[in-house]
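Chain and residue survey
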Amino acid sequence: MIQEYYRKNNIADFNVVDLESRFAIEIGDEKNKHIISGIIDRIDKTPDGYEIIDYKTTKKMPSQEKVDNDMQLSVYLNAFLSRYPKKRPIWIR
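The paragraphs below set out a description of the structure included in this document. (Residues numbered from 1 in each chain as written. Predicted model: local features only at pLDDT ≥ 70, side-chain atom pairs only at ≥ 80, totals over all residues. Heavy atoms only, no water.)

As for unusual backbone geometry
The condition that has to hold: Labels follow the DSSP assignment, with helices taken as runs of H or I lasting at least four residues and strands as runs of E lasting at least two, numbered in each case from the N terminus.
With a phi angle near 50°, E20 is a residue other than glycine that sits in the positive phi range. Relative to the helices and strands, E20 resides in strand β1 (residues 15-28).

Structure follows, in structure tokens:
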């Protein structure tokens, strides 16, 4: 099983920009400012743009609708754009 995973996901086949990427972003206005911090598991450069990867332990990939409406992934996207404002397009999985 592990060999099959590495055969399909050989790290040499990817252009990894960052692993375990720490971030801290401000949200809110001057009166109610908050800082959200966290770690993005992996950011890859793809031929079409960038991909933000969040590893999960579930056996099933989430639907695109769930990904599009996920609060955590929205925070990751904002953190990525804060650090790399001119890098587009971006995919999240």
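A closer look at helix α3 (residues 71-83)
Cut-off, in case you're wondering: Given a helix with a known number of residues, its expected span is that number minus one, times 1.5 Å. When accessible area is computed with a 1.4 Å probe and restricted to protein chains, residues below 20% of their type maximum are described as buried, those above 50% as exposed, and intermediate ones as partly exposed. Here, the arc refers to the directions that run from the helix axis to the C-beta atoms. The definition of a polar contact used here is a pair of N or O atoms within 3.5 Å, where within protein one atom must be able to donate a hydrogen and the other to accept one, and adjacent residues in sequence count solely through side-chain atom pairs.
When the terminal C-alpha atoms of α3 are compared, their 19 Å separation across 13 residues agrees well with the 18 Å that a helix rising 1.5 Å per residue should span. All of the buried residues along α3 are L73, V75, Y76, A79 and F80. Down the axis of α3, the sector holding all buried residues measures 155°, keeping them to one side. For α3, the exposed residues set more than 90 degrees away from the buried face come down to M71 and S82. Two to three positions downstream of the cap, the backbone nitrogen of Q72 sits 2.9 Å from a side-chain oxygen, assigning the N-cap of α3 to D70.

Focus: the pattern of salt bridges
Definition in use: Every case where a carboxyl oxygen of Asp or Glu lies within 4 Å of a side-chain nitrogen of Lys or Arg is listed as a salt bridge.
Within this structure, the stated rule accounts for four salt bridges. A salt bridge links R83 to D18; the shortest N-O distance between them is 3.5 Å. Separated by 65 residues along the polypeptide, R83 in helix α3 and D18 in strand β1 bring together distant segments of the chain. Classification of R83 by relative accessible area gives partly exposed; the value is 36%. On the basis of relative accessibility, which here comes to 22%, the residue D18 falls in the partly exposed class. Across the pair E30 and K33 runs a salt bridge, and its minimum N-O distance is 3.7 Å. Look at K33 and you get partly exposed, because its relative accessible area is 39%.

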